[in-house]
Amino acid sequence: MFLQGSFWDHMQWSQEEEENAKEKAAENSLVKVQWEDQDKYEREASKYWNEFYKTHKNNFFKDRNWLFLEFPEILPEKRREELKTEARSSECTKINSTNSFLHKNETFEEGEKHWKKNDGGGSTSVQGYVYDKNQAKSFTDNPQVKNGRELGGLESFPGSDATYRILEVGCGAGNSVFPILKVLCNTPGTFLYCCDFASGAVELVKSHSSYNSAWCSAFVHDVCDDALPYPFPDEILDVILLVFVLSTIHPDRMQGVVNRLAKLLKPGGMLLFRDYGRYDTAQLRFKKGHCLSENFYVRGDGTRVYFFTKDEVWKMFNLAGLTEVQNLVDRRLQVNRKKKVKMQRVWIQSKFQKPLLLSLNNPEETTERHHYNVP
C-alpha cells in the first residue's frame, strides 16, 4: 500500500465494507427515474454534455498526466523506451524522494511487462492466440497495407501518412489529448484522432493553443450511431483510448459501441480502458430517484454514469473479438484531510488486444472469422 498524496492504493475491502456498499447501492436504486424522463436523457444526451462543457469549459477535469504510467502502450515502442530512460534518470536524481514517485515507476514497469509479454521477440501466446512480433511490425511499419489492400487507392484522410495512429473516444475538453500531444509532437510518424459527441467539447480542443492539425484531428462523432463513418478507414489504429466514456452510454448500447471500435484497430492493436467500478463512492452517494436501471444513474445535470464489474468489461471486449492483456479492479482510499472525509474509490482498468494470427486451438481458423462472428 502506498500513500500517494491523498490516495492510498491497492486497498482491500473487508467483507463488512463490501456488504455495506451493496446495501447502499440497493437502497438508492429502489426508486427509478420515470420512463418518459429516461427517454429524454437518452434522446438529449449530447445536449446535457454540451451544457456541461459550456458551464465548466476546460476547468472541471485535471489533465491526465498519469496516462503514460498506467498505459505506456499509448506510445510507439521506441518512444516508450525513451520515456522509461528519462524516468530512470529522474529517479537517480531523486533517490530519496517520496513513495509516490517510486510507485509511479513501478506502475510504468508493470505496463511495460504487459506490453513485452505480447510484443517480445519471435512468437508468443496471448490468451490462446499466436502473436508474432515480426508480422505485427509489418502491419505497423507499412501504413499502405490494410488486409492486403493498399490504402493508397483510397481518398486521402487526416493522418494518412502516419505510421502510428491513436484514437481517443470521448475527448472532452482535451485532458488526455494535450498530455499526449506534448509527447507526440516529438515523435515522428504519429497521429492522434480524438472525438466527442458534444460539439462544445470538440470546439474547446480545437481552440486550445496546443492544438495542431499537423498531428491531431478532433471531430464530432456519436459512437452509438453505427451508420456514422469515421474520417479514416477501418483497421488502421494502433491504440484506442476509452477512459471514463463507456459509462456515459446506455448499457443496452455498450456492446455495439465496443464491436464497432474493435473494427478500427489493426491486428495487434490495443484498446486501453479505464472507468468507474461497482460500488465506487460516486455510486453510493446517489440519492433515491436518480437510478435509471441497475447500476446506471443520472446526475443532477442530466449526464449519466454506469458502474462496471471487471467481468462485465471482460465479456464485452471478448464478444468483440479482443483478448485480455490486463483487467483489474483498482481500489483506492481517497482522503480529504481538510473536510476529514474518506472516499472508497473503485475503478476498472483494462487492456485488450486485437488478435494478430490464428487460434492455437484451431490453426485453420482465421483472425477475421474470430473477430467478427459475434453472436
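To keep things clear, this report deals only with the structure shown in the data block. Just so we're clear, the structure is a prediction, and the values are computed from it rather than from any experiment.

## Details of the sheet that holds strand β13 (residues 296-298)
Within a beta sheet, neighbouring strands are joined by backbone hydrogen bonds and run either parallel or antiparallel to one another.
Thinking step 1. The strand order across the open sheet built from three strands is β12-β13-β14, with neighbouring strands paired in antiparallel fashion. With one partner strand each, in any of the chains shown, β12 (291-293) and β14 (304-306) form the two edges of the open sheet. The mean inter-strand angle of the sheet, taken between neighbouring strand axes irrespective of direction, is 30°.
Thinking step 2. By the bridge criterion, two bridges tie β12 to β13 in an arrangement that is antiparallel. Its bridge partner lying in β13, Ser293 is registered against Phe296.

## Section: the side chain of Thr187
Thinking step 1. Within the secondary structure layout, Thr187 lies in the loop between α8 (177-184) and β8 (190-196).
Thinking step 2. The exposure class of Thr187 is buried, given its relative accessible area of 9%.
Thinking step 3. Look past the residues within four positions of Thr187 in its chain and what remains in contact with it is Pro76 and Arg79.

## A word on the side chain of Thr303
Thinking step 1. With respect to the helices and strands, the residue Thr303 is situated in the loop between β13 and β14.
Thinking step 2. A distance of 2.7 Å separates a polar atom in the side chain of Thr303 from a polar atom in the side chain of Asp301.
Thinking step 3. Every residue in contact with Thr303, bar those within four places of it in the chain, is listed here: Tyr48, Trp49, Tyr297 and Val298.

## Considering the nonpolar core
Thinking step 1. Formed by 43 residues in total, the largest nonpolar core has its most connected members in Leu167, Phe232, Leu246 and Leu261.
Thinking step 2. Of all the elements in the fold, those that place two or more residues in this core are β7 (164-169), β8, β10 (237-243), α10 (251-264), β11 (265-276), β13, α12 (310-319) and β16 (341-353).
Thinking step 3. The element that contributes the greatest number of residues to this core is α10, accounting for six residues.
Thinking step 4. With residues near it in sequence (within four places) discarded, Leu246 still touches Met254, Val257, Val258, Phe273, Asp275, Phe308 and Met316.

## Details of the packing of aromatic side chains
Thinking step 1. All told, the structure shown has 17 aromatic pairs when counted by the stated rule.
Thinking step 2. Ring centres of Phe273 and Phe317 lie 5.5 Å apart, and the angle between their planes is 70°; this geometry places the pair in the edge-to-face category. Of this pair, Phe273 sits in strand β11 while Phe317 sits in helix α12, and the two are 44 residues apart along the sequence. The two residues Phe273 and Phe317 agree in class, both being buried.
Thinking step 3. Over the face of the ring belonging to Tyr48 we find Lys47, whose NZ or CZ atom lies 4.9 Å from the ring centre.
Thinking step 4. Above the ring of Trp66, the side-chain terminus of Arg274 is found at 5.3 Å from the ring centroid.

## Describing the pattern of salt bridges
Thinking step 1. Summed over all chains, the structure comprises 16 salt bridges.
Thinking step 2. The salt bridge partner of Arg43 is Glu44, with a shortest N-O separation of 3.9 Å.
Thinking step 3. Residue classification places Arg43 among the exposed residues on the basis of a relative accessible area of 54%.
Thinking step 4. The exposure class of Glu44 is partly exposed, given its relative accessible area of 23%.
Thinking step 5. The partner of Asp330 in a salt bridge is Arg332, and the shortest N-O contact between them spans 3.0 Å.
Thinking step 6. Using a relative accessible area of 9% as the deciding quantity, one classes Asp330 as buried.
Thinking step 7. What emerges from the salt-bridge pattern is a single network uniting Asp39, Arg43, Glu44 and Lys47.

## Points about unusual backbone geometry
Thinking step 1. The phi angle at Tyr279 is positive, at roughly 70°, despite the residue not being glycine.
Thinking step 2. Here Tyr279 lies in the loop between β11 and α11 (281-284).
Thinking step 3. Residue classification places Tyr279 among the buried positions, given a relative accessible area of 14%.
Thinking step 4. At Asn295, a residue that is not glycine, the phi angle is positive and equals roughly 65°.
Thinking step 5. Residue position: Asn295 is located in the loop between β12 and β13.

Analysis parameters
- Every chain's residues receive numbers from 1 upward, in the order its sequence appears when written.
- The model is predicted, so local features are restricted to residues of pLDDT at least 70 and side-chain atom pairs to those at 80 or more, both for listing and for counting; the totals for chains, interfaces and linings are taken over all residues.
- Hydrogens and water molecules were not included; the side-chain quantities draw on all heavy atoms of the structure.
- Two strands pair if DSSP finds at least two bridges between them.
- Here a strand is any run of E in DSSP of at least two residues, a helix any run of H or I of at least four, and the numbering for each starts at the N terminus.
- Note on geometry: axes are lines fitted to C-alpha atoms, helical ones only across the stretch in contact, with angles between N-to-C directions running from 0 to 180 degrees.
- Buried, partly exposed and exposed residues are distinguished by accessible area as a fraction of the type maximum, computed with a 1.4 Å probe on protein chains only: under 20%, between the cut-offs, and over 50%, respectively.
- Note on contacts: a residue pair is in contact if any heavy atoms of the two residues lie within 4.5 Å.
- We define a polar contact as two N or O atoms separated by no more than 3.5 Å, with the added condition that, inside protein, one atom must be a possible hydrogen donor and the other a possible acceptor, whereas residues neighbouring each other in sequence contribute only through side-chain atom pairs.
- We define a nonpolar core as any set of buried Ala, Val, Leu, Ile, Met, Phe, Trp, Tyr and Cys residues linked to one another through side-chain atoms lying within 4.5 Å.
- Two aromatic rings, drawn from Phe, Tyr or Trp (for Trp, its six-membered ring), form a pair once their centres lie within 6.5 Å of each other, and the interplanar angle then sorts them: stacked below 30 degrees, edge-to-face above 60, tilted otherwise.
- In this analysis the charged atom, NZ for Lys or CZ for Arg, is taken to sit over a ring once it is within 6 Å of the ring centre and within 35 degrees of the ring normal.
- Any carboxyl oxygen of Asp or Glu that lies within 4 Å of a side-chain nitrogen of Lys or Arg is treated as forming a salt bridge with it.

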